[in-house]
Amino acid sequence: MVKGSQKIVSVDQDIPIIDMSQERTQVSKQIVKACETLGFFKVVNHGVDQTIISRMEQESINFFAKPVHEKNSVKSANQPNFGYGFRDIGLSGDSGEIEYLLFHTNDSAFLSQFSFSSAVNCYIEAVKQLAREILDLMAEELRVPPYTFSKLISTVDSDSLVRVNHYTPSDEFLGGTTRVSDKSESLMRVGFGEHTDPQILTVLRSNGVGGLQVSNSDGLWVPVFSDPSAFCVNVGDLLQVMTNGRFISVKHRVMASGKESRLSTAYFAAPPLQAKIGPIPPMIKTVNQPRVYQTFTWSEYKKFVYSHRLEDSRLDMFRTCKDEDDEIVY
Ligand SMILES: O=C(O)CCC(=O)C(=O)O
């Protein structure tokens, strides 16, 4: 039995859909509520140009259609974990029915080798702008100083990533498949195992093929309907820490149906490696509870995360019971 294959809730539930063209305070209220309850939401009327999105999607489709030996040769000289990958996810033995392309947003030498580097760069700029806007809306509603969150991802040395995931129909993969035991899911395979995102915020777009599931507070999996015109946004571990646990970074996974290819592009907004992360002082006061997380650098947390399995609850190791006095000034 595959771990985490607990029940899926009925299909009439979905994550909140937030229309960003509404009045600003309405949008920020809805975003904060979603971050406190499910940790996931979709945004529509987000302002990202459709031509940028379509170009990125078409170029990704063209890339994954190339012969394996050509795809395999795509590796970053600076960072060998970046580039094309197949099945193996991360460094701790996790695997899924997936092939992917992983970029560091600052590795311009690597990006420039791609025939579609201009599509990738335009896409990165557009989703980074959207991520900043969402983080600023959060800061406004939480009444923390402006740009508290967004400035962490805006600097030139931010450690943000882009990952293009391609879940192909089952017979395109060789070898045994990982099946869940429930009969109704018998054709589904684990595309990307359950995990939380370690960074600050994730902005994800997918083609019209579903598969993403989010764990709700009852431990049930909520299917997220794929809407190519929306972006799906989720709270990362670092944002949970900075809000002192008020926002939640929740587990999610992808179950691949094996009938159609799912293509998703995730932008993981992260701070610079040496940025100190801990609960921000206004959140400790307003939540009216002592700080629940220690202070650490993104580099320290990242090392910890990549030395553990995807499904591990990695943030638990950074909880604290005592009031620490190393206050963070953001
Ligand atoms: O493909 C998806 O929809 C989600 C992928 C994901 O969770 C990840 O890349 O971390």
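Conventions we followed
- Residues numbered from 1 in each chain as written.
- Predicted model: local features only at pLDDT ≥ 70, side-chain atom pairs only at ≥ 80, totals over all residues.
- Helix = DSSP H or I, 4+ residues; strand = E, 2+ residues; numbered from the N terminus.
- Buried ≥ 20, exposed ≤ 12 C-beta atoms within 10 Å, placed from the backbone.
- Axes fitted to C-alpha atoms, helices over the stretch in contact; angles between N-to-C directions.
- Parallel < 35°, antiparallel > 145°, perpendicular 65-115°, else oblique.
- Contact = placed C-beta atoms within 7 Å.
- Arc of directions from axis to C-beta.
- Near = placed C-beta within 6 Å.
- Nonpolar A, V, L, I, M, F, W, Y, C, P; charged D, E, K, R; others polar.
- Pairing = 2+ DSSP bridges.

A.B. asks: Any chance you could explain unusual backbone geometry here in plain terms?
C.D. replies: Excluding glycine, residues mostly carry a negative phi; peptide bonds, for their part, are mostly trans. Although it is not a glycine, arginine 87 sits at a positive phi angle of roughly 70°. Summarising the element assignment, arginine 87 is placed in strand S3 (residues 83-89). The phi dihedral of arginine 143 is positive, around 60°, even though this residue is not glycine. For arginine 143, the location among the structural elements is in the loop between helix H5 (117-142) and helix H6 (150-154). Classification of arginine 143 by C-beta neighbours within 10 Å gives exposed; the count is 9.

A.B. asks: Explanation requested: the packing of helix H1 (residues 24-37) against H5 in the structure shown.
C.D. replies: The interhelical angle for the contact between H1 and H5, taken along N-to-C directions, is 90°, at an axis separation of 8 Å. As judged from the angle between their axes, H1 and H5 are roughly perpendicular. Contacts from Val27, Ser28, Lys29, Ile31, Val32 and Cys35 of H1 reach H5 at Ile134, Leu137, Met138, Glu140, Glu141 and Leu142.

A.B. asks: Sorry, what's going on with helix H9 (residues 298-306) here?
C.D. replies: Working note: α-helix, 3.6 residues per turn, so residues spaced by three or four point in the same direction. Every buried residue of H9 is accounted for by Trp298, Tyr301 and Val305. Buried residues of H9 fall within an arc of 65° about the axis and therefore sit on the same side. Against the buried residues of H9 lie helix H7 (237-242), strand S13 (276-277) and strand S14 (296-297).

A.B. asks: What is the right way to read the site of the ligand from this model?
C.D. replies: The environment of the ligand is made up of Arg163, Asn165, Phe192, Asp197, Leu204, Ser206, Leu212, His252, Val254, Ser264 and Ala266. Only strand S5 (161-167), strand S7 (201-206), strand S11 (252-256) and strand S12 (262-269) provide two or more residues apiece to the shell around the ligand. Among the residues making up the shell around the ligand, the classes are represented as five nonpolar, four polar and two charged.

A.B. asks: Would you explain the environment of valine 203 in this entry?
C.D. replies: Counting through the fold element by element, valine 203 comes out in strand S7. Overall, the presence of 23 C-beta atoms within 10 Å leaves valine 203 in the buried class. Put simply, valine 203 and threonine 265 are 62 residues apart on the chain and 8.3 Å apart in space, counted from C-alpha to C-alpha. For valine 203, the contacting residues outside a window of four places in its chain are Val127, Leu130, Ala131, Phe231, Val233 and Tyr267.

A.B. asks: Explain the sheet that holds S3 here, please?
C.D. replies: Spatial ordering of the open sheet is given by S1-S2-S10-S7-S12-S5-S4-S3, a layout of eight strands whose pairing is mixed. Only two strands of the sheet have a single neighbouring strand rather than two, namely strand S1 (17-19) and S3. Averaged over neighbouring strand pairs, the angle between their axes works out to 25° when direction is ignored. Across the sheet, helix H2 (residues 50-64) touches strand S4 (94-104), S5, S7 and S12, and the angle it forms with S12 is around 120°. Lying over the sheet, H5 contacts S4, S5, S7, strand S10 (231-235) and S12, oriented at roughly 130° with respect to S7.

A.B. asks: Got a minute to help me understand the pairing of S7 in this structure?
C.D. replies: The two faces of a sheet get side chains in turn, since along a regular strand they alternate between them. Most of S7 is tucked away, with six of its six residues classed as buried. Neither face of S7 is exposed, since Leu201, Val203 and Arg205 on one face and Thr202, Leu204 and Ser206 on the opposite face are all buried. Across four bridges, S7 lies against S10 in antiparallel orientation. Looking at the pairing, leucine 204 lines up with cysteine 232 of S10. The pairing of S7 with S12 spans six bridges and is antiparallel. Following the sheet pairing, leucine 204 is matched in S12 by alanine 266.

Bear in mind that shape data such as this cannot, by itself, settle questions of function.
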